Every structure is written in C-alpha cells, then in structure tokens.
Amino acid sequence: MNLLSYLRQRPWPGLSGLFDFSAAQDQSRCDIPEAAKGVYLIGTGPGDPELLTVKAERLLRQADVVLYDALIPTPLLGLLPRRCRQIYVGKRAGQHALKQTEINRLLVEYGRLGGVVLRLKGGDPSIFGRVSEEAVALEQAGLSFAIVPGVTSACAASAYCGIPLTSRGVASSVQFLTAQFAEPEQQPDWAGYRYRPDGQNPTLVVYMGLTRLPLLCNGLRSVGWPQHTAIALLDKVSTPEQRQLIGTLADIQQKLQAQPLQGPTLILIGDVVKLPMAVSSALVHQQLSKP
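Residues numbered from 1 in each chain as written. Predicted model: local features only at pLDDT ≥ 70, side-chain atom pairs only at ≥ 80, totals over all residues. Heavy atoms only, no water.

Looking now at the side chain of Arg119. Looking at the element boundaries, Arg119 is found in strand E6 (residues 116–121). By relative accessible area, which is 1% here, Arg119 ends up buried. A polar contact is formed between the side chain of Arg119 and the side chain of Glu134, at a distance of 3.0 Å. Once you skip the residues sitting within four places of it in the chain, Arg119 turns out to touch Tyr40, Leu41, Ile42, Leu67, Tyr68, Asp69, Val89, Lys91, Ile103, Leu107 and Glu134. (Helix = DSSP H or I, 4+ residues; strand = E, 2+ residues; numbered from the N terminus. Buried < 20%, exposed > 50% of the residue type's maximum accessible area, 1.4 Å probe, protein only. Polar contact = N/O pair within 3.5 Å; in protein donor to acceptor, adjacent residues only side chain to side chain. Contact = heavy atoms within 4.5 Å.)

Written as structure tokens, this is what we have:
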C-alpha cells in the first residue's frame, strides 16, 4: 500500500472532513521524482514567514504528510497542497500534544509508506530541536531522510532586535544553552559557563529559559558572573508582537514581574546587550504578512 492509499483509508482521528483527499491527483503530485520521496526534518525559522528557505518552501508545496510544532508560522501551512495530511505534534512548556517517542513512531510509520513526509520545527532543527532522536529512529528503520536547516532564534533575535551576538573587543564567541531538560529538576552544568575575569567571555544565548529565569540568574552568579551583567529578554522574535526587556542579573526578575512576557522568549547575556544597533522596526516587519 502506498502513502496516498493509506491516507484515504485512515482519516486522522478528530480531523475528518478537514482535508480534501479528492485533490490528491493534482498536477503537483506528478512533478515529484521518486528519488525525492522520503522524510525531511525542516527548520521553518523563528516566526517571520519570510525567513523560510527556498528549499523548505519547495518541500512544503510537495508534501503528503506534515507533522508540525507549536511555533510554526501559521501562513506556512497555507503553502501545503490540499491533499496533505497535517498532524499537530507541538510541545510548549508543560503541554505536549504527543510524546517524542510517539512522534518518532509516526515519522517511521508514514515514511515507510513512501511519499514526501515533513517534520516542521521552529527555528533550526539542530539547535535544541531533538532532531538527533528523530534521525536515529529513521536510520534504525532504514528510511531515507534529510535535514533542512532554518534560521535559528539567536540569529533572528540579533537581526531583528539589533543586538550583535559577537563584537570586536567585546565578545568573540557565542555559547548556546537550554534551561529545559527531560528531568524538570535538572540544571545546566554551571561550571561550563564560569565567568572569566580577563574579559574573554562569550555571549550566552539561552533557549527556553523564561520560566526558569531565577534559576538561570542564580546559577550564573554562582560561577562568578557579576550582578551588573547585562541581560536581554527577547519575546516573540521576528513577529509583529516582538518585545524586549533589558536589565541586569540583579534586576531582570523584578522588571519581568512588572512587565510580563508571554514567550517564546530568547535570553541574551553579556556585554553585547549594551551595544544595540538602531534597526528599524518598520523595515524589518514591512512585509511580514506576505510569505
């Protein structure tokens, strides 16, 4: 049985009537070479639909099945063919539509049936996107797959908020870390982020850290980062709702209480926060509604 026949016979629970499989023989289906069929793990960028790569756009227009995350820009789903089955598998803090093991199983199940199967992730799939777990599942199943990179939130935050990730004489490297782990009580290995008094400190970029901000600030202070260290909370980066909150390790928690953010929020820490560039908000968001 091929993928098209499978989709016709097994409407997805709870989604019956949403997808028109009668359009499955449309012309775009005939344009997909056999060698292109497989599973693609795709980064869709941080929020602005125009940051999608040309490669990712082509694959979206050819997709038979899409498993997509919570932070996928909504306009991108409009690029999918009518025949495409859309399956929401999003994860937000404390709210998981499906466990990772179930997502892996679905990727393997649909991948075995042939066709073009997409796994859409916000940002870049290789940066805290659990792409290696999905890749291992596909490899063990003997399935062909590819990874399509996307613009990660850190690069977008720098561009849209005007905060450089590196700057001559200020920060010559960048270090990514996450504040969320499979075990809720687990913490980063703070020794790996020890402050260097000689000034050769990287810019720290923290993913998924808003709900653990007190832990983050205390952890960095425990390894020598000064109270006056600059920190930026960058919320809904690259969207029209983008906001930023600037402070220090000493006062950022109080500022957040006074001006709450909803997330997703990226956190930048280091002296580069003091070097903002005058990026025009009107220009960066000018064509956001035209993916």
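Moving on: the packing of helix H5 (residues 100–112) against helix H6 (residues 131–140). At a minimum axis distance of 9 Å, the contact between H5 and H6 shows a crossing angle of 40°. The orientation of H5 with respect to H6, classified from their angle, is oblique. Crossing handedness for the pair H5 and H6: right-handed. Contacts between H5 and H6 involve Gln100, Ile103, Asn104, Leu107 and Val108 from the first element and Glu133, Glu134, Ala137 and Leu138 from the second. Grouping the constituent residues of the contact of H5 with H6 by class yields five nonpolar, two polar and two charged. (Axes fitted to C-alpha atoms, helices over the stretch in contact; angles between N-to-C directions. Parallel < 35°, antiparallel > 145°, perpendicular 65-115°, else oblique. Left-handed = near helix turned anticlockwise from the far one by under 90°. Nonpolar A, V, L, I, M, F, W, Y, C, P; charged D, E, K, R; others polar.)

Looking now at the pattern of salt bridges. Enumeration over the complete set of coordinates arrives at twelve salt bridges. The closest approach of N and O atoms between Lys37 and Glu34, which form a salt bridge, is 3.1 Å. In this structure, a network of salt bridges that share partners links the residues Asp69, Arg119, Lys121 and Glu134. (Salt bridge = Lys/Arg side-chain N within 4 Å of Asp/Glu carboxyl O.)

In this section: the sheet that holds E6. Within a sheet, each strand pairs with its neighbour through backbone hydrogen bonds, oriented either parallel or antiparallel. In spatial order, the strands read E3-E2-E6-E1-E7; together these five strands make up an open sheet with parallel pairing. Across the chains shown, the open sheet's two edge strands, defined by having one partner strand only, are strand E3 (85–88) and strand E7 (145–148). Neighbouring strand axes in the sheet, compared pairwise and without regard to direction, differ in orientation by 15° on average. The sheet contacts of H5 involve strand E1 (38–43), strand E2 (65–68), E3 and E6, and relative to E6 the element is tilted by about 155°. Against the sheet, H6 contacts E1, E6 and E7, and its axis sits at roughly 175° relative to E1. (Pairing = 2+ DSSP bridges.)

Another aspect to go through is the sheet that holds strand E9 (residues 203–207). The sheet built from five strands is open, its strands ordered E8-E9-E12-E10-E11 with mixed pairing. The open sheet has two edge strands with one neighbour each: strand E8 (174–178) and strand E11 (243–248). Sheet twist, expressed as the mean angle between neighbouring strand axes with direction ignored, is 20°. By the bridge criterion, three bridges tie E9 to strand E12 (residues 265–269) in an arrangement that is antiparallel. Paired with Val206 across the two strands is Ile267, which belongs to E12. Helix H8 (residues 213–222) contacts E9, strand E10 (230–235) and E12 of the sheet and is inclined by roughly 15° relative to E12.

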